[in-house]
Each structure stands twice: as structure tokens, then as C-alpha cells.
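For reference, the chains in residue letters:
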Amino acid sequence: MENKLPYYMSYPMPLIYDDERRERMDFEYMKSMYPEAAKKLLPYIEDECDRMEFDGSMIYDEYPDRLQLMLVGKRLFDRAKKDQIFLETEWGEGGKKDREDGWLRDLIQVMLYQEVYKRRCDYRKHCRKYYSGVQL
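Everything numeric in this text was worked out from a predicted model, so none of it was measured. (Residues numbered from 1 in each chain as written. Predicted model: local features only at pLDDT ≥ 70, side-chain atom pairs only at ≥ 80, totals over all residues. Heavy atoms only, no water.)

1. Quick notes on the overall build of the chain
Here comes step 1: Along its length, the chain carries 6 helices and 0 strands.
Here comes step 2: Its helices and strands in sequence order give the chain the pattern α-α-α-α-α-α, from N to C terminus.
Here comes step 3: For the chain, with 136 residues in total, the buried portion stands at 29%.
Here comes step 4: In the chain, the proportion of contacts linking residues at least 24 apart, taken out of those at least 6 apart, comes to 76%.
Here comes step 5: Surface summary for the chain: the accessible area is close to 10,200 Å², and the carbon and sulfur share equals 56%. (Helix = DSSP H or I, 4+ residues; strand = E, 2+ residues; numbered from the N terminus. Buried < 20%, exposed > 50% of the residue type's maximum accessible area, 1.4 Å probe, protein only. Contact = heavy atoms within 4.5 Å. Areas by Shrake-Rupley, 256 points an atom, 1.4 Å probe, with all protein chains shown as cover.)

Here is the structure:
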């Protein structure tokens, strides 16, 4: 009798999807370890990226416009300040507050770029799998 492979071994493609699931779980775990300030900002950033996530969006351009991303970051900063997600005691007084605001702006920009990067990767994976046909 000839040696036949079990069905699941003859078509190993589903294992590709397991890698994506593991990547997603790893990414979510890393986000759960963010410092408190970043955890407070994360819903704002994810919400803004959800609004920018559509076909033809500037986040999917080959080279996203830096000025546009900086304006998005400024809008996020203004929303966070308006909603007062940080208490005054966290920021200090006077000149120190201005320094802390700069730090917060930088943190928002970095988190925004990270989220855009992740969504661009997911978008490319999605397009490659479902629309290109041959590049599975």
C-alpha cells in the first residue's frame, strides 16, 4: 500500500492564517503593556485611524504625506487636551507644562505612526491574499 499523506498535511495553506493570528495576539499583548499615558491615548489614535481607513486613503499612499500625519497628530493632541484625559497634577506647573506638552505631542506622533504602519501591513496582506490570485 502506498503512503498517503493526511488531508491536513497535503494542503498546508491554513497554517499561513495561524501566523497572522499569532502576530495579532502578539501586537495586542504589546499594546497591553503600554504605560498608562499611552493607554489613555490609544482609543483616540485607534478611532482616528478607523476614520482614515478606506480605499484611497492617504495612509495607504506609497509615501504618506508627513504634513498630513502631523496635522492628524495635532488634532489628536487637541482632542486629548479638550477631553482632559490627563489631570493637571500629571503635568506640573508653568514652564514644565510646556515641556510635557511637547513630550505628549511626540508620543502621539509615534503611536500614530505605529498604528498607521500596522494598518498598512494588514492592508497589503489582505490585498495580496484576496485580490492578486497568484501571490498566496
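2. So, helix 4 (residues 66–82)
Here comes step 1: Here helix 4 contains 17 residues, and its C-alpha end-to-end distance of 24 Å stays within 8% of the 24 Å for a straight helix at 1.5 Å per residue.
Here comes step 2: Where helix 4 is concerned, the buried positions are L69, V72, G73, L76, F77 and A80. Projected down its long axis, helix 4 carries its buried residues within an arc of 140°, all on one side. In helix 4, the exposed positions that point more than 90 degrees away from the buried face belong to L67 and K82. (Expected span 1.5 Å × (residues − 1). Arc of directions from axis to C-beta.)

3. Re helix 3 (residues 36–52)
An α-helical segment advances 3.6 residues per turn. Residues three or four places apart therefore align on the same side.
Here comes step 1: Compared with an ideal rise of 1.5 Å per residue, which puts 17 residues at 24 Å, helix 3 spans 25 Å between its outermost C-alpha atoms and is within 8% of the ideal.
Here comes step 2: Where helix 3 bends most, at L42, the angle is about 35°, and the proline P43 comes one to four residues later.
Here comes step 3: Among the residues making up helix 3, those that are buried are A37, A38, L41, L42, Y44, I45, E48, C49 and M52. (Bend = angle between axes of the 7 residues up to and from the residue.)

4. A word on a nonpolar patch on the surface
Here comes step 1: Taken together, the side chains of Y29, M30 and M33 make up a nonpolar region of the molecular surface, amounting to roughly 330 Å² of accessible area.
Here comes step 2: Mapped onto the elements, Y29 comes out in helix 2 (residues 14–32). (Patch = residues over 30% accessible without salt bridge, like charges linked within 9 Å, V, L, I, M, F, W, Y side chains within 5 Å. Salt bridge = Lys/Arg side-chain N within 4 Å of Asp/Glu carboxyl O.)

5. Thoughts on the pattern of salt bridges
Here comes step 1: A complete count under the given rule lists 16 salt bridges for this structure.
Here comes step 2: R51 is the partner of D47 in a salt bridge, and the nearest nitrogen-oxygen pair spans 2.9 Å. With D47 and R51 both in helix 3 and 4 residues apart, this pair spans about one turn of that helix.
Here comes step 3: Residue class for D47 comes out partly exposed when judged on its relative accessible area of 31%.
Here comes step 4: Exposure remark for R51: the relative accessible area of 47% places this residue in the partly exposed category.
Here comes step 5: With a shortest N-O distance of 2.8 Å, R119 and D50 are connected by a salt bridge. Taken together, the residues R119 in helix 6 (residues 95–130) and D50 in helix 3 connect sequence positions 69 residues apart.
Here comes step 6: D50 sits in the partly exposed class, given a relative accessible area of 46%.
Here comes step 7: A single network of salt bridges, built from pairs that share partners, joins R24, E28, K31, E46, K118 and D122.

Coordinates in, geometry out; function isn't part of it.
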